[in-house]
Amino acid sequence: MTRTTPPRPVDIEAVFPELRLHVAKATRLHPRPGSPAPTDSSVGGPLLWPADEPWLVCAASHRKSRGELLENVRRRRRILEAAWARLGSDGRPIGPTDEERDELNALNKRGNYAPELADDAEIPMLPVLQIFQRDIPGLEFPDGSDLLQILWCPFDAHGAEKEIDVRLVWRNSASIHEPLSMAPQLKVVGRAGYVPEPCLVDPEEILEHQAFELLPEDLQESLEGWEDWEDEDAPHYQYDLSIAPGWKAGGFASWHLTGPREMLCDCGAPMRLLITVDSKEWDNGSLSWRPVEDAGNPAYGLSKPTQVVVGRAGSLRIFVCTLDASHPHKISEQ
Ligand SMILES: [Zn+2]
Ligand SMILES: [Zn+2]
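Definitions and limits used
- Residues numbered from 1 in each chain as written.
- Chains lettered and ligands numbered in written order.
- Predicted model: local features only at pLDDT ≥ 70, side-chain atom pairs only at ≥ 80, totals over all residues.
- Heavy atoms only, no water.
- Helix = DSSP H or I, 4+ residues; strand = E, 2+ residues; numbered from the N terminus.
- Rg over C-alpha atoms; globule rule 2.2 N^0.38 Å.
- Contact = heavy atoms within 4.5 Å.
- Areas by Shrake-Rupley, 256 points an atom, 1.4 Å probe, with all protein chains shown as cover.
- Lys, Arg positive; Asp, Glu negative; His and termini not counted.
- Charge placed at Lys NZ, Arg CZ, Asp CG, Glu CD.
- Phe/Tyr/Trp six-rings, centres within 6.5 Å; stacked < 30°, edge-to-face > 60°.
- Buried < 20%, exposed > 50% of the residue type's maximum accessible area, 1.4 Å probe, protein only.
- Lys NZ or Arg CZ within 6 Å of the ring centre and 35° of its normal.
- Pairing = 2+ DSSP bridges.
- Salt bridge = Lys/Arg side-chain N within 4 Å of Asp/Glu carboxyl O.
- Donors = N, O, S within 2.8 Å, 3.2 Å for Na, K, Ca; no water.
- Tetrahedral: all angles 85-135°; square planar, octahedral: opposite > 155°, others 65-115°.
- Core = buried A, V, L, I, M, F, W, Y, C linked by side-chain atoms within 4.5 Å.

- Labelled according to an unreviewed UniProt entry, the protein chain appears under the name DUF1963 domain-containing protein, originating from Streptomyces cylindrosporus.

1. Concerning the overall build of the protein chain
- A tally of helices and strands in the protein chain yields five helices and 17 strands.
- For a compact globule of 334 residues, the expected C-alpha radius of gyration is about 20 Å, and the protein chain comes in at 21 Å, within 12% of that figure.
- Overall, the protein chain is about 60 × 60 × 40 Å in size when its C-alpha atoms are taken along their principal axes.
- Counting only contacts in the protein chain whose residues sit at least 6 apart along the sequence, the fraction spanning at least 24 positions is 78%.
- For the protein chain, the accessible area works out to roughly 16,700 Å², and carbon and sulfur atoms hold 50% of it.
- Each charge class in the protein chain can be summarised by its mean position, and for the 34 positive and 54 negative side chains these summaries are 7 Å apart.

2. A word on the packing of aromatic side chains
- Inspection of the entire model under this criterion finds eight aromatic pairs.
- Centre to centre, the rings of Phe-16 and Trp-226 are 6.4 Å apart; their planes meet at 85°, and the pair counts as edge-to-face. Of this pair, Phe-16 sits in the loop between α1 (12-15) and β1 (23-28) while Trp-226 sits in helix α4 (residues 217-226), placing them 210 residues apart in sequence.
- Classification of Trp-226 by relative accessible area gives partly exposed; the value is 27%.
- Plain terms: the ring middles of Trp-84 and Tyr-300 are 4.9 Å apart, the flat faces sit at 10° to each other, and that makes the pair stacked. Of this pair, Trp-84 sits in helix α2 (residues 70-85) while Tyr-300 sits in the loop between β15 (271-278) and β16 (315-321), and the two are 216 residues apart along the sequence.
- On the accessibility criterion, Tyr-300 (47% relative accessible area) is partly exposed.
- Over the ring of Trp-49 we find Arg-171, and its NZ or CZ is 4.4 Å from the ring centre.
- Stacked on the ring of Trp-255, the Lys or Arg Arg-317 has its end atom at 4.5 Å from the ring centre.

3. As for the pairing of strand β9 (residues 147-152)
- Of all the six residues making up β9, six are buried; the element is thus mostly covered by neighbouring parts of the structure.
- Neither face of β9 is exposed, since Leu-147, Gln-149 and Leu-151 on one face and Leu-148, Ile-150 and Trp-152 on the opposite face are all buried.
- Relative to β9, strand β8 (residues 126-132) runs antiparallel, the two being bridged by six bridges. The partner of Gln-130 across the bridge, within β9, is Gln-149.
- Examined bridge by bridge, β9 and strand β10 (residues 166-171) share six bridges and lie antiparallel to one another. In the strand pairing of β10, Leu-147 is matched with Arg-171.

4. With respect to the pattern of salt bridges
- All told, the structure shown has 17 salt bridges when counted by the stated rule.
- With a shortest N-O distance of 2.6 Å, Arg-76 and Glu-68 are connected by a salt bridge.
- Between Lys-330 and Asp-266 there is a salt bridge, and its shortest N-O distance comes to 3.1 Å. Of this pair, Lys-330 sits in strand β17 (residues 330-333) while Asp-266 sits in the loop between β14 (248-250) and β15; the two residues are 64 residues apart in sequence, bridging distant segments of the chain.
- By relative accessible area, which is 66% here, Asp-266 ends up exposed.
- What emerges from the salt-bridge pattern is a single network uniting Arg-77, Arg-78, Glu-81 and Glu-197.

5. Quick look at the coordination of the zinc ion (ligand 2)
- At the metal site, the zinc ion (ligand 2) is ligated by Cys-265 (SG), Cys-267 (SG), Cys-321 (SG) and His-327 (ND1), and these contacts range over 2.0 to 2.3 Å.
- Taken together, the four donor atoms surrounding the zinc ion (ligand 2) define angles of 105 to 111° at the centre, an arrangement classified as tetrahedral.
- Donor residues binding the zinc ion (ligand 2) come from one chain and are separated in sequence as C-x1-C-x53-C-x5-H. With Cys-267 in the loop between β14 and β15 and Cys-321 in strand β16, the pair connects residues that are 54 residues apart, well separated along the chain.
- The partly exposed category is assigned to Cys-267, whose relative accessible area is 41%.

6. What about the coordination of the zinc ion (ligand 1)?
- Of the protein atoms, only Cys-58 (SG), His-62 (NE2), Cys-153 (SG) and His-158 (NE2) coordinate the zinc ion (ligand 1), at distances of 2.0 to 2.2 Å.
- Classification of the site at the zinc ion (ligand 1) rests on its four donor atoms, whose angles at the metal span 98 to 117°, yielding the label tetrahedral.
- Mapping the donors of the zinc ion (ligand 1) onto the primary sequence gives the spacing C-x3-H-x90-C-x4-H. Taken together, the residues span a long stretch of sequence, with Cys-58 in strand β4 (residues 57-58) and His-158 in the loop between β9 and β10 at a distance of 100 residues. Like Cys-58, the residue His-158 is buried in the burial classification.

7. Looking at the environment of Cys-58
- Taking relative accessible area as the criterion, Cys-58 reaches 0% and is therefore assigned buried.
- When the C-alpha atoms of Cys-58 and Gly-225 are compared, they prove to be 50 Å apart, with 167 residues separating the residues in sequence.
- Setting aside residues no more than four positions away along its own chain, Cys-58 makes contact with Lys-64, Ala-121, Glu-122, Ile-123, Met-125, Cys-153, His-158 and Arg-167.

8. Structural notes on the nonpolar core
- Among the nonpolar cores identified, the biggest contains 50 residues, and Leu-129, Leu-148, Ile-150, Trp-152, Val-166, Leu-168 and Ile-275 are the most heavily contacted of them.
- Looking at this core, the elements with two or more residues in it are α2, β8, β9, β10, β11 (188-189), β15 and β16.
- Setting aside anything within four residues of it in sequence, one finds Ile-150 in contact with Leu-126, Pro-127, Val-128, Leu-129, Val-166, Arg-167, Leu-168, Ile-275 and Ile-318.

Dropping the structure here:
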C-alpha cells in the first residue's frame, strides 16, 4: 500500500524564501510488515546473497551466550499482535488475556541461552535493510553497484564506545547467479529491539529543510520570531517543517539531542547521510508526518512497524564518504 506524507502545515519557503538554499531530497522508506522476497527492497527481510559467499559474522569479543532467544522475541510479537487485534464491544482493543500475559512474562526472560557460545565465537549478522537502486532513484550508489545491504550484530557491545556493529555491502545484483536459499540462523540476541520485523518498503521522495541549528544565524532568529509556542496547534520548524522522522535514505540528519557534529571521513572528506534507522515512524511531536493512509487507524504499534529500537528509542544514522562510499562508514545516534 502506498504511503503519502501530508503536505506541510505551512509553506515555509513562501514565508522565508532564503530557506530554498537549505533543502535536500530524502526518501522516506515507509516500512510496513509483510513477506519480502530476496529480490525486494526490505527491512529485516531475506537478502539477495551469493550462495558461494560467506555470510557476514561478528567475531568481536562480547557476551554472546546471554540475552533473549530470537524465537521468543518473535513469539512474543505474534502474541501481542493477536491480542491487540481483538476488539471489545466498544470497538477498542482489549489487550492480552491473563494467560497471554503469563506467557509473555515467561518469554521475556533474559538468560544464558547459548552456553556453547564463547565470547569470541562467530555469530551471523542480522539483515537490517536491503535497497535496490531502482526503488530509490534519488540515492547515490557507488559505480557498478545497484544493491545496498545493511546488517548488524544484535548486541551493543563493540569497541570502547560499546557501539552496535553495522556493516554495509554494496553489490551488483546482476552478478548474483546463484542466490543463497537460507541465511544462517541466530539463536540469541542482546536486545529484542535489534530484531527487525520483516517489512516491505514503499519509498516516497520528500523535501527536507536543514536542521535548525545548522541554518545561518539570521535565519534562525527569523524563524524563532515566527514560531508561535503559545498556540499548541501552530506548526514548528523543527518538528513539522525541517526533517522527517522514520526510516529514510538521504536527506538531512537531525541533531536534536547532541547538537550538530561534523561527520568527516578518515580521508578528510565530509560524509553524507546515507540511511536513517528510526525507532518510530512518527510520534505525538511529529504527527504532521504521519502518512495520510495511517491517519485514523487505531491499530496497535502502527508507528513502530519494524519494532526496531535503537539507542534510547531514538535513531541511528549511517554516514558514508562523499568522495568514495567504499571508505569505512560511520554511525551516529540521536
Ligand atoms: Zn557482535
Ligand atoms: Zn573518504
